[in-house]
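Each chain is listed here by its residues.
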Amino acid sequence: MFTIDVNGRDPIYIQLEKNIIRYINLGVYEKDSMLPSVRSLACRLGINPNTVAKAYKSLEAGGVIYTKAGKGVFVKGGATGLEQVQKSAVAKAKAALSDAKNSGVPKESVLAILNDLWEE
């Protein structure tokens, strides 16, 4: 299931969003598959239901998931939502790399960090 680090740097709802997107990319959740309900996921993870609702709302706004009233929350599928998420991630990565370059961080150090992260 999802891994949440309550002491982590990212807010819990962001961690949850990242986990859901990761599971979609891995094929665990396919197009039109149902996600756990807000209440059940909150109970399983031991977090506030409002936190799960916030993550779902953000993913829905990003076009990754959709809600059917009275039915639940489902993976939207297709490339639209995931492409937006990936484009956003690429833009953030470019900005971070630009900051590192402008700060004088050696290219070798950045590549070593990238390789370490990719192997995790």
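Use the structure listed above.
Model, not experiment: these values are computed from the prediction. All residue numbers refer to positions counted from 1 along the written sequence of the respective chain. Per-residue local features are limited, in this predicted model, to residues with pLDDT of at least 70; the limit for side-chain atom pairs, both in listing and counting, is 80 or more; totals at the level of whole chains, interfaces and linings are taken over all residues. With hydrogens and water stripped out, all remaining heavy atoms of the structure feed into the side-chain values.

Novice: Mind showing me how you'd approach the nonpolar core here?
Specialist: Core analysis: the biggest nonpolar cluster contains 19 residues, and Ile20, Leu35 and Tyr56 have the highest contact counts within it. Numbering of helices and strands runs from the N terminus; a helix is a DSSP stretch of H or I covering at least four residues, while a strand is a stretch of E covering at least two. Breaking this core down by element, the ones donating at least two residues are helix H1 (12–26), helix H2 (38–45), helix H3 (49–61) and strand E2 (72–75). Ignoring any residue separated from it by four or fewer positions in sequence, one finds tyrosine 56 in contact with Ile20, Leu35, Pro36, Val38, Leu41, Ile65 and Val73. Think of a nonpolar core as a cluster: buried Ala, Val, Leu, Ile, Met, Phe, Trp, Tyr and Cys residues, connected wherever their side-chain atoms sit within 4.5 Å. Per-residue accessibility, obtained with a 1.4 Å probe over protein chains only, is compared with the maximum for each type, and a residue is labelled buried under 20%, exposed over 50%, and partly exposed between these values. Residue contacts are counted whenever heavy atoms from the two residues lie within 4.5 Å of one another.

Novice: For this particular structure, what's the right way to read the pairing of E2?
Specialist: The side chains of a regular strand alternate between the sheet's two faces. When DSSP finds two or more bridges between a pair of strands, those strands are recorded as paired. Pairing of strand E1 (residues 65–68) with E2 involves four bridges; the strand directions are antiparallel. Of the residues in E2, the one forming a bridge with isoleucine 65 is valine 75. With antiparallel pairing between neighbouring strands as the criterion, E1 and E2 make up a hairpin whose turn holds three residues, including glycine 70 at a positive phi of roughly 75°.

Novice: Would you explain the packing of H1 against H3 in this entry?
Specialist: Packed helices, taken two at a time, are described by the angle between their axes plus the distance between the axes. Here an angle of 0 to 180 degrees is reported between the N-to-C directions of two axes, which are lines fitted to C-alpha atoms, with helices fitted over the stretch in contact. Viewed as axis vectors pointing N to C, H1 and H3 meet at an angle of 55°, and their least axial separation amounts to 9 Å. Overall, the two elements H1 and H3 adopt an arrangement that is oblique. Crossing of H1 against H3: the hand is right-handed. Here Ile12, Tyr13, Leu16, Glu17, Ile20 and Ile21 of H1 come into contact with H3, specifically with Thr51, Val52, Lys54, Ala55, Tyr56, Ser58 and Leu59. Among the residues making up the contact of H1 with H3, the classes are represented as nine nonpolar, two polar and two charged. An angle below 35 degrees is read as roughly parallel, one above 145 as roughly antiparallel, one from 65 to 115 as roughly perpendicular, and any other as oblique. By convention, the crossing between two helices is left-handed when the near helix turns anticlockwise from the far helix through less than a right angle, and right-handed when the turn is clockwise. Charged means Asp, Glu, Lys or Arg here, nonpolar means Ala, Val, Leu, Ile, Met, Phe, Trp, Tyr, Cys or Pro, and polar covers whatever is left, Gly included.

Novice: I tried to follow unusual backbone geometry on my own but got confused; where do I start?
Specialist: Most peptide bonds take the trans configuration, and most residues that are not glycine carry a negative phi. Despite not being glycine, aspartate 32 shows a phi value in the positive range, around 65°. Position of aspartate 32 among the secondary structure elements: in the loop between H1 and H2.

Novice: How do you make sense of the packing of H2 against H3 when you look at a structure like this?
Specialist: At a minimum axis distance of 8 Å, the contact between H2 and H3 shows a crossing angle of 120°. Classified by the angle between their axes, H2 and H3 sit oblique to one another. Pair H2 / H3 crosses with right-handed handedness. Residues Val38, Leu41 and Ala42 of H2 touch H3, and the partners they reach there are Pro49, Val52, Ala53 and Tyr56. For the contact of H2 with H3, a count of residues per class yields seven nonpolar, no polar and no charged.

Novice: Would you take a moment to explain the packing of aromatic side chains for this structure?
Specialist: In this description, a pair of aromatic rings is defined by centroid distance and the angle of the planes. We call Phe, Tyr and Trp rings a pair once their centres come within 6.5 Å, taking the six-membered ring for Trp, and we label the pair stacked below 30 degrees between planes, edge-to-face above 60, and tilted otherwise. Throughout the structure, instances matching the rule amount to four aromatic pairs. Taking 5.1 Å as the distance between ring centres and 45° as the angle between the ring planes, the aromatic pair formed by phenylalanine 2 and tyrosine 23 counts as tilted. Linking phenylalanine 2 in the segment before H1 with tyrosine 23 in helix H1, this pair joins segments that are 21 residues apart in sequence. As far as the burial class goes, phenylalanine 2 and tyrosine 23 line up, both buried.

Novice: For this particular structure, what's the right way to read the layout of surface pockets?
Specialist: The method is simple in principle: a probe with the dimensions of a water molecule rolls over the atoms, and the space it marks as empty is what remains. The computed volume of the largest pocket comes to approximately 1700 Å³. Forming the walls of the largest pocket are 35 residues, and the residues nearest its centre are Asp10, Lys18, Ala89, Leu117 and Trp118. Taken together, the elements giving at least two residues each to the lining of the largest pocket come down to H1, H3, helix H4 (79–102) and helix H5 (107–119). Considering each element in turn, the lining of the largest pocket owes the most residues, 11 residues, to H4. In terms of residue class, the lining of the largest pocket is made up of 17 nonpolar, 10 polar and eight charged. With a 1 Å grid spanning the protein atoms alone, the term cavity applies to any set of points in which a 1.4 Å probe fits but cannot get out, the term pocket to an open set with protein on both sides within 12 Å along at least five of seven lines, and the term lining residue to any residue with an atom within 4 Å of a point. Grid points are joined across faces, edges and corners, and a volume is the space filled by probe spheres set on the points.

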